[in-house]
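Fold and contact review
In case you want the letters, here they are:
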Amino acid sequence: LSGAAKQKGTFIIGTVLGDLHDIGKNLVSMMVEGNGYKVIDLGTDVSSDKFIASVKENPGAVVGLSALLTTTMINMEKITKDIKAALPETMVTIGGAPVNNDFCSKIGADHYSPDPQGVVEFLNAKLV
């Protein structure tokens, strides 16, 4: 008998193209993983293509986009739109210092959280 708990779902996370900050992303990864989800961390400076390929390999996964720089917010918008165009049913949650609920709505993301716990609550509401 395996001691592994059944995973609740898959969460793909990465810092958007042009941004190399990963402390916030890493905190979210740890919290999400600690709450029973499989986490696929694509690292930093991640392009739309990498996110889309990962979702195709993990159907039903939720994508988390992180950005710390205001200059990479435009990439967060592009990546969200690219994911939604390629895989419209994919849910996208965003976070990072320069983003907020208004920006989330503007770019067509499904959720914004200012902290890792908010991401866990969103996943629990959507995947469990």
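Each remark here, short or long, concerns the structure printed above.
The text that follows walks through the structure, step by step, so that each part is easy to find. If you're wondering where the values come from, they're calculated on a predicted model, not measured in any experiment. (Residues numbered from 1 in each chain as written. Predicted model: local features only at pLDDT ≥ 70, side-chain atom pairs only at ≥ 80, totals over all residues. Heavy atoms only, no water.)

Another aspect to go through is helix α3 (residues 73-86). Over its 14 residues, α3 extends 20 Å from the first C-alpha to the last, a length consistent with the 20 Å expected when each residue adds 1.5 Å. Inspection of α3 places Met73, Met76, Glu77, Ile79, Thr80, Ile83 and Lys84 among the buried residues, and these make up the whole buried set. Along the axis of α3, the buried positions cluster into a sector of 165 degrees, meaning they face one direction only. Across from the buried face of α3, at angles greater than 90 degrees, the exposed residues are Ile74 and Ala85. Where the residues of α3 are buried, they touch α2 (48-57), β3 (62-66), β4 (92-95) and α4 (101-107). (Helix = DSSP H or I, 4+ residues; strand = E, 2+ residues; numbered from the N terminus. Expected span 1.5 Å × (residues − 1). Buried < 20%, exposed > 50% of the residue type's maximum accessible area, 1.4 Å probe, protein only. Arc of directions from axis to C-beta. Contact = heavy atoms within 4.5 Å.)

Attention shifts here to unusual backbone geometry. Even without being a glycine, Asp45 presents a positive backbone phi close to 60 degrees. Among the structural elements, Asp45 can be located in the loop between β2 (38-41) and α2. For Asp45, a relative accessible area of 34% gives the class partly exposed.

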